[in-house]
Every structure is written in structure tokens, then in C-alpha cells.
Amino acid sequence: ILDTDGTMCCLDEAVAELLYKKKRGKRIWPWKVVLEIGEDIHISTTGYTWVRREAPKTWKRCLAASNQQNAAAGANPEVAELRPETIFVRNNETREAIEQEDMVVSYRYGNELVTITEADEAYCKLDFGVKSLKLFGFIARDQINMSQLIG
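Read on for an overview of the structure. From a predicted model like this one, the values you see are computed outputs, not experimental measurements. Starting afresh in each chain, residues are numbered from 1 along the sequence in its written order. With pLDDT at 70 or above as the cut-off, local features in this predicted model cover only qualifying residues; side-chain atom pairs require 80 or more to be listed or tallied, and sums for whole chains, interfaces and linings still use all residues. Excluded from the side-chain calculation are hydrogens and water; included are all heavy atoms of the structure.

## Some details on the environment of Tyr48
Part 1: We count a stretch as a helix when DSSP gives it H or I for four or more residues in a row; a strand needs E for two or more, and each element gets its number in order from the N terminus. Within the element layout of this structure, Tyr48 appears in strand S2 (residues 41–48).
Part 2: The buried label applies to any residue whose accessible area, calculated with a 1.4 Å probe on protein chains only, is under 20% of its type's maximum; exposed applies above 50%, and partly exposed to all values in between. Given a relative accessible area of 48%, Tyr48 falls into the partly exposed group.
Part 3: Measuring from C-alpha to C-alpha, the distance between Tyr48 and Trp31 comes to 6.1 Å, with 17 residues separating the pair along the chain.
Part 4: Residues count as neighbours in contact if any of their non-hydrogen atoms are within 4.5 Å of one another. For Tyr48, the contacting residues outside a window of four places in its chain are Ile28, Trp29 and Pro30.

This is the structure:
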């Protein structure tokens with residue numbers, strides 16, 4: 001231990017340190033809203049998320065050993081990031097590639113493909129109005145079920 005400048009610990013502590021990597025902390029995301037109490041009182045408030053669920057990193061964005069081309073391009077010679085590339089081809093004998101400007105956005109409804117234009121999307125957009133939080137009144141604590149306070 002002295003020769004290698006190491007540390008001494010039990011097996012459980014070593015496994016915990018090697019298996020679980022500390023994740024980067026998430027940035028706090030504010031939620032700004034006006035709290036309305038009755039018709040006369042308006043208070044600008046800001047809420048913050050304390051706990052946020054983090055999705056795991058997908059397999060499409062992982063790291064792999066680099067080759068000589070990446071090292072020549074100035075990338076880190078030890079590690080290179082893998083990026084997926086999607087190519088759409090026609091379903092016929094020639095299997096020719098389809099260019100991006102020739103594609104349209106469509107959704108599957110049963111067995112039918114429904115194409116949605118930009119005009120359709122603009123027509124369907126909803127205007128939710130101003131974000132607000134309204135307080136309608138107060139009630140006694142014994143009238144509130146504990147399950148209503150959780151989550």
C-alpha cells in the first residue's frame with residue numbers, strides 16, 4: 001500500500017466504489033408562475049424541481065476504441081464516440097436511398113399512414129394561456145386524506 005500510494009478498505013467498499021459511478025448533478029430547472037389568492041392578490045413565485053428522474057444513456061451514444069482516421073482528424077486517439085446513421089431506402093428491387101427533402105412526416109393509424117402537413121400542425125396547436133396557480137380557499141387539516149399529500 002505504501003509503495004503504490006493506495007488505500008486500504010474492505011471488499012464491500014471497494015465493490016461499491018468500482019461499480020457505481022457518481023453522476024453529474026442536474027441543473028435546477030425553475031417553474032415560474034403567478035400565485036393568485038382570490039381576485040385581488042397576485043404573487044409571482046418560482047418553484048424548483050428537487051428530484052428528477054434521469055433516463056439511462058442509450059446504447060447508440062457509447063464510446064469505443066478509436067482508429068487511425070479519428071486520431072489523424074484531431075480526435076482523442078484513445079476514445080471515439082459512436083453515432084448512429086439512419087438511411088431510408090425504397091422498398092423495391094433497386095433499394096435506392098431516399099433524400100431528406102423527399103420525406104414527409106406521417107403517423108400510423110391502424111394499417112393506414114396519415115400524413116400531417118405544417119398547416120395541419122399549426123391549426124391543431126393549443127393555446128393554454130398564462131401559467132397560473134390559483135388558491136380557492138382553505139380547509140381544516142382533518143378533512144385532507146394523507147394520500148392526497150403524497151406525490
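## A word on the pattern of salt bridges
Part 1: The working definition used for a salt bridge is a side-chain nitrogen of Lys or Arg within 4 Å of a carboxyl oxygen of Asp or Glu. For the structure shown, the criterion picks out one salt bridge.
Part 2: Residues Arg90 and Glu96 are paired through a salt bridge, measuring 3.0 Å at the closest nitrogen-oxygen approach.
Part 3: Under the relative-accessibility criterion, Arg90 is labelled partly exposed at 35%.

## A few points about the sheet that holds strand S1 (residues 30–37)
Part 1: A pair of strands is labelled paired if DSSP reports no fewer than 2 bridges between them. With mixed pairing, the three strands of this open sheet are ordered in space as S2-S1-S7. Edge strands, defined here as strands with exactly one partner in the open sheet, are S2 and strand S7 (132–135). When strand polarity is set aside, the average angle formed by the axes of neighbouring strands in this sheet is 30°.
Part 2: One ladder, built from eight bridges, connects S1 with S2; its direction is antiparallel. Working convention: axes come from line fits to C-alpha atoms, limited for helices to the stretch in contact. Angles between N-to-C directions cover 0 to 180 degrees.

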